[in-house]
Amino acid sequence: MRITCVGGGPAGLYFAVLAKLADPAHEITVLERNPAGVTYGWGVVFWDDLLDDLFRYDPVSAERISQAACRWDSYEVRATGKAVTHLAGYGFSLGRRELLDILAARARELGVDVRFRDELTEVPDADLVVASDGAGSRIRDRYAEHFGAEIEVGRNKYIWLGTPHVFDTFTFGFERTSAGWIWYHAYPFDGETSTFIVECTPETWTGLGLDRLDAAAGCTRLQEIFAAHLDGRPLIDHRAEAGGTGWQNYRRLTNQRWDHGNVVLMGDAAHTTHFAIGSGTKLAMQDAMALADAISGGDDLAVALERYEHRRKTALAPLQRAAKASSEWFERVPDYVDLPAKQFSYALSNRRGEYPMWRYVLHLATQNAVPRTLLRWALSARRSIRARRRPRLAPANATPERQREPARTGSGTTPG
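(A) Structural context of the sheet that holds strand β2 (residues 27-31). Read from one edge to the other, the open sheet built from 6 strands follows the order β8-β2-β1-β9-β16-β15, with strand pairing classed as mixed. The two strands at the open ends of the sheet, each matched to only one other strand, are β8 (113-115) and β15 (259-260). As paired elements, strand β1 (residues 2-6) and β2 share 5 bridges and run parallel to each other. Residue pairing for β2: C5 is matched across the bridge by V30. Running at roughly 170 degrees to β2, helix α1 (residues 10-22) makes contact with β1, β2, β8 and β9 (128-131) of the sheet.

Below is the structure:
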């Protein structure tokens with residue numbers, strides 16, 4: 001089969017890897033419009049559930065991702081006028097550029113033709129065209145009426161920044177300003193850099209003058225606001241060099257249909273979930289797993305693509321509901337910030353409404369150092385046991401066997 005993936009993000013590259021592993025005779029090309037090594041993202045986050053799936057599907061790339069990832073063992077919540085509080089859980093983060101480098105290298109090892117600086121003008125001539133070119137997919141837009149894309153625009157403004165200040169762990173920080181509350185989600189993803197996502201209501205955004213500032217001036221203003229959190233280090237907006245700014249409104253994208261003839265949507269081209277639950281990369285790679293399984297089943301392509309769409313829509317539904325609840329909670333932050341510190345951080349962690357009452361009791365107990373340390377040890381032991389159960393690296397000339405079970409969507413250990 002001749003397969004072309006339009007878009008060299010995690011979805012397209014990982015699908016190319018899995019499809020080549022399933023059948024080395026496939027002729028697979030990945031077309032990416034950006035130069036090699038160029039991405040506007042900073043770090044991505046994931047949890048044990050994705051690592052389990054990665055090791056089951058391709059232990060080689062999974063091992064590289066696992067070894068390169070940064071691990072954090074708790075969450076901190078900081079807010080003006082409140083004591084620092086803590087949330088239980090752990091996770092992993094990795095620079096988006098490093099993730100793409102790992103996947104591109106693995107794809108090339110297997111014989112995938114990965115091309116950069118490819119500005120697509122026509123739909124490729126292939127047996128299967130995978131539209132993995134992001135939320136602004138050019139392929140999807142060509143057949144917009146058929147796919148039936150629906151976009152719901154969030155109310156808050158946000159911007160995705162980076163900083164050389166390395167946070168100790170995943171941190172939520174809330175600052176009261178003269179124009180209202182503004183907050184960030186930050187996490188380290190290597191030994192030198194952290195992701196720093198800033199969000200606020202549109203009223204605060206305009207009240208602080210952020211709507212009138214260019215990228216450099218906007219970063220300077222945010223550095224002043226969050227000075228107590230950054231230890232004197234700067235904030236960086238990748239878009240500054242292009243003369244723009246990264247401020248935007250979250251756009252929740254869904255599609256009525258995911259396939260059209262030999263064209264299929266994957267990753268952000270098919271769906272988006274709010275950044276506050278940190279699942280975009282995970283869902284894109286799980287899409288790749290499901291599509292690779294579908295086309296390797298021996299069925300007619302139309303049947304395979306329909307099976308893939310059904311499987312992923314079913315798996316996505318609960319997470320999309322949770323993401324919507326999460327984004328709406330952040331739109332109502334002013335309603336919660338007057339709560340005492342412990343109640344406020346619990347409201348943040350429970351914004352999807354998933355936790356039973358005993359979790360609140362645990363939350364209160366782990367604000368003290370000893371119970372928090374004991375819980376961290378327990379989670380660390382669970383993480384180690386889970387890691388030991390994963391498949392070991394297969395011989396270089398072997399195709400990894402994998403269970404054909406739906407990729408899971410729950411993270412289990414994150415309040416995000």
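(B) Structural detail: the pairing of strand β3 (residues 43-46). Covered by surrounding structure in β3 are G43 and V45 together with V44 and F46, the residues of both alternating faces. Across 4 bridges, the pairing between β3 and strand β7 (residues 91-95) is antiparallel. From the neighbouring strand, G43 faces β7, where its bridge partner is G95.

(C) Structural context of the sheet that holds β3. If you trace the 3 strands from one edge of the open sheet to the other, you get β3-β7-β4, paired in antiparallel fashion. Only two strands of the sheet have a single neighbouring strand rather than two, namely β3 and β4 (70-72). Across this sheet, the average inter-strand angle for adjacent strands is 30 degrees, counted without regard to direction. Set on the sheet, helix α4 (residues 96-109) makes contact with β3 and β7; between it and β7 the angle comes to about 80 degrees.

(D) A look at the environment of A25. If you trace the backbone, A25 turns up in the loop between α1 and β2. C-alpha of A25 to C-alpha of M1: the two residues are 24 residues apart in sequence and 7.5 Å apart in space.

(E) Spatial organisation of the environment of R117. Along the chain, R117 falls in the loop between β8 and β9. We classify R117 as exposed; its relative accessible area is 63%. The sequence separation of R117 and E32 amounts to 85 residues, and the corresponding C-alpha distance is 6.1 Å. If sequence neighbours within four positions are ignored, R117 has contacts with E32, R33, N34 and P35.

(F) Fine view of the side chain of T281. Within the secondary structure, T281 is located in helix α10 (residues 280-295). Its relative accessible area of 12% is what places T281 among the buried residues. Leave out the neighbours within four places in its chain, and T281 touches P10, V44 and L99.

(G) Structural context of α10. In this model, α10 (16 residues) spans 23 Å end to end at C-alpha, consistent with the 22 Å of a helix rising 1.5 Å per residue. Burial within α10 is extensive, with 15 of its 16 residues counted as buried.

(H) Broad picture of the packing of aromatic side chains. Under the defined criterion, the tally for this structure stands at 25 aromatic pairs. For the ring pair Y75 and F170, a centre distance of 5.2 Å and an interplane angle of 50 degrees mean the geometry is tilted. One end of the pair, Y75, is in strand β5 (residues 75-79); the other, F170, is in strand β11 (residues 170-177), and 95 residues separate them in sequence. Residues Y75 and F170 agree in their burial class; the two are buried.

(I) Spatial organisation of the pairing of β11. The buried fraction of β11 is high, at 7 of 8 residues. Here β5 pairs with β11 via 5 bridges, running parallel. Considered in β11, the bridge of Y75 is made with F170. In the sheet, β11 pairs with strand β12 (residues 180-188) via 7 bridges, with the strands oriented antiparallel. Bridge pairing links R176 to W181 in β12. Between β11 and the antiparallel strand that follows it, β12, lie 2 residues.

The rules behind the values
- Residues numbered from 1 in each chain as written.
- Predicted model: local features only at pLDDT ≥ 70, side-chain atom pairs only at ≥ 80, totals over all residues.
- Heavy atoms only, no water.
- Pairing = 2+ DSSP bridges.
- Helix = DSSP H or I, 4+ residues; strand = E, 2+ residues; numbered from the N terminus.
- Contact = heavy atoms within 4.5 Å.
- Axes fitted to C-alpha atoms, helices over the stretch in contact; angles between N-to-C directions.
- Buried < 20%, exposed > 50% of the residue type's maximum accessible area, 1.4 Å probe, protein only.
- Expected span 1.5 Å × (residues − 1).
- Phe/Tyr/Trp six-rings, centres within 6.5 Å; stacked < 30°, edge-to-face > 60°.

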